[in-house]
Amino acid sequence: MTRSRSVFLIVLLLACESNPKPSPVDLRIAAARVFTQRYASSRLAAWKVRAAAAGRDCDVLLVDTSIIMEDSMVEALHYGGGAYDVGGGGVENFCRARAFRGVAYKDSTARIWTYGDVTPDEVQRLRRCG
């Protein structure tokens, strides 16, 4: 009985090691992909909203659009106002739930808006992850 229990534990241990838990970085990269897919199938699909995780720890969400944005539009996206809310609670809620420290929006003119713990100067130096 002890021998079969030992074999069982070894097999269980090997199975767990072959299926490791995703790292926070991998989870944020995947979250950015989900974000992009969500907007691609929303009423805002024509805006071509795309997201990527960026930064040393991939903890900044970079959001690019193919249109010229105004302050009020970015704010509505961020806080989930009215018709701009995709998924409930806006981008702010999405970022908080997935441990992004901040979000940067960039429109088709390369204008940048930032929320959370990220600055416009930092955005210029960020490298995309994944």
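Whatever comes next refers back to the structure up there.
Residues numbered from 1 in each chain as written. Predicted model: local features only at pLDDT ≥ 70, side-chain atom pairs only at ≥ 80, totals over all residues. Heavy atoms only, no water.

Peer 1: An account of the packing of aromatic side chains is requested, with residue identities and associated values reported.
Peer 2: To describe a pair of aromatic rings, one takes the distance between the centres and the angle between the planes. Per the stated rule, a full pass over the model turns up five aromatic pairs. Between Phe35 and Phe94, the aromatic rings sit 5.1 Å apart at their centres with planes inclined by 65 degrees, giving edge-to-face as the arrangement. In this pair, Phe35 is assigned in helix α2 (residues 24–40) and Phe94 in helix α4 (residues 90–97), connecting sequence segments 59 residues apart. When its relative accessible area of 4% is taken as the criterion, Phe94 is described as buried. Between Tyr79 and Tyr115, the aromatic rings sit 5.8 Å apart at their centres with planes inclined by 90 degrees, giving edge-to-face as the arrangement. Pair noted here: Tyr79 is in helix α3 (residues 71–79) and Tyr115 is in strand β4 (residues 112–116), with a separation of 36 residues, a long-range link. By relative accessible area, which is 17% here, Tyr115 ends up buried. Three or more aromatic residues joined by ring pairs make a cluster, and in this case those are Phe35, Tyr39 and Phe94. (Phe/Tyr/Trp six-rings, centres within 6.5 Å; stacked < 30°, edge-to-face > 60°. Helix = DSSP H or I, 4+ residues; strand = E, 2+ residues; numbered from the N terminus. Buried < 20%, exposed > 50% of the residue type's maximum accessible area, 1.4 Å probe, protein only.)

Peer 1: Account for the pattern of salt bridges, with residues named and values stated.
Peer 2: By the definition in use, this model includes five salt bridges. Across the pair Arg111 and Asp71 runs a salt bridge whose closest N-O atoms are separated by 2.7 Å. Placement of the pair is Arg111 in the loop between β3 (102–106) and β4 and Asp71 in helix α3, with a sequence separation of 40 residues. Asp71 gets classed as partly exposed once you look at its relative accessible area, which sits at 43%. For the salt bridge of Arg101 with Glu122, the shortest nitrogen-to-oxygen distance reads 2.4 Å. One end of the pair, Arg101, is in the loop between α4 and β3; the other, Glu122, is in helix α5 (residues 120–125), and 21 residues separate them in sequence. The class for Glu122 is buried, based on a relative accessible area of 18%. Ionic contacts of the salt-bridge type, sharing partners, join the residues Asp59, Arg101 and Glu122 into one network. (Salt bridge = Lys/Arg side-chain N within 4 Å of Asp/Glu carboxyl O.)

Peer 1: Explain α2 to me, and be specific about the residues and the numbers.
Peer 2: A rise of 1.5 Å per residue sets the reference length of α2, with its 17 residues, at 24 Å; its end C-alpha atoms lie 24 Å apart and thus fit the reference within 8%. Residues of α2 that are buried: Arg28, Ile29, Ala31, Ala32, Phe35 and Tyr39. Taken around the axis of α2, the buried residues stretch over an arc of 155 degrees, which confines them to a single face. Turned more than 90 degrees from where α2 packs its buried face, Gln37 and Ala40 sit exposed. (Expected span 1.5 Å × (residues − 1). Arc of directions from axis to C-beta.)

These figures come from the coordinates and say nothing about function on their own.
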